[in-house]
Amino acid sequence: MKSYLLINFNSEGATPSDIINRLVTLGFKPITGNYDFEYSWKREPSTDEAIELADKVHEILKGYNIIYKMETI
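Owing to the predicted nature of the structure, the values given are computational and were not obtained by experimental measurement.

(A) Geometry of the overall build of the protein chain. Looking only at helices and strands, one finds 2 helices and 4 strands in the protein chain. On C-alpha atoms alone, the protein chain measures out to a radius of gyration of 12 Å, which is about the 11 Å that the 2.2 N^0.38 rule sets for 73 residues. When contacts within the protein chain are restricted to residue pairs at least 6 apart in sequence, long-range pairs at least 24 apart make up 69% of them. When the accessible surface of the protein chain is split by element, carbon and sulfur atoms take 50% of a total near 4900 Å². Charged side chains in the protein chain number 8 positive and 11 negative. The centres of these two groups are separated by 5 Å.

Structure follows, in structure tokens:
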């Protein structure tokens, strides 16, 4: 399974390079296409594990004026 992030930046917020660096520390990889980042799970995550990752994303982006969408499929 994979989790995908779509990021909407705000010119009054953090720079894209700063956000990329922060998300890479969580294990996300920048990609091109319909999404901006991909997280590859080593095994199928439980719902609780997917929510835990979403909480980590939320915490690491908090205060940076970022709007994001996360999807795990």
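Here the narrative resumes.
(B) Just the packing of helix H1 (residues 16–25) against helix H2 (residues 47–61), in detail. H2 packs onto H1 with a crossing angle of 145 degrees between their chain directions and a minimal axis gap of 10 Å. Where H1 crosses over H2, the two elements pack in a sense that is right-handed. Residues Ile19, Arg22, Leu23 and Thr25 of H1 form the contact with H2, whose participating residues are Val57, Ile60 and Leu61.

(C) Highlighting H2. Under the 1.5 Å per step criterion, the end-to-end length of H2 is 21 Å for 15 residues, consistent within 8% with the ideal 21 Å. Residues of H2 that are buried sit in contact with strand S1 (2–8), H1, strand S3 (37–40) and strand S4 (67–72).

(D) The arrangement of the sheet that holds S1 in detail. Pairing is antiparallel across the open sheet formed by 4 strands, whose spatial order is S2-S3-S1-S4. Both edges of this open sheet fall to strand S2 (29–30) and S4, since each of them pairs with a single strand only. One ladder, built from 6 bridges, connects S1 with S4; its direction is antiparallel. Across the sheet, isoleucine 7 pairs through a bridge with tyrosine 68, a residue of S4. Contacts from H2 reach S1, S3 and S4 within the one sheet, and its direction differs from that of S4 by about 165 degrees.

(E) Spatial organisation of the packing of aromatic side chains. In the structure shown here, the tally under the stated rule is 3 aromatic pairs. On the basis of an interplanar angle of 70 degrees and a centroid distance of 4.9 Å, the ring pair of tyrosine 39 and tryptophan 41 is categorised as edge-to-face. Given the relative accessible area of 17%, tryptophan 41 is considered buried. Here the aromatic cluster, defined as three or more aromatic residues joined through ring pairs, consists of Phe28, Tyr39 and Trp41.

Definitions and limits used
Residues numbered from 1 in each chain as written. Predicted model: local features only at pLDDT ≥ 70, side-chain atom pairs only at ≥ 80, totals over all residues. Heavy atoms only, no water. Helix = DSSP H or I, 4+ residues; strand = E, 2+ residues; numbered from the N terminus. Rg over C-alpha atoms; globule rule 2.2 N^0.38 Å. Contact = heavy atoms within 4.5 Å. Areas by Shrake-Rupley, 256 points an atom, 1.4 Å probe, with all protein chains shown as cover. Lys, Arg positive; Asp, Glu negative; His and termini not counted. Charge placed at Lys NZ, Arg CZ, Asp CG, Glu CD. Axes fitted to C-alpha atoms, helices over the stretch in contact; angles between N-to-C directions. Left-handed = near helix turned anticlockwise from the far one by under 90°. Expected span 1.5 Å × (residues − 1). Pairing = 2+ DSSP bridges. Phe/Tyr/Trp six-rings, centres within 6.5 Å; stacked < 30°, edge-to-face > 60°. Buried < 20%, exposed > 50% of the residue type's maximum accessible area, 1.4 Å probe, protein only.

Spatial relationships are all this shows, so hold off on functional conclusions.
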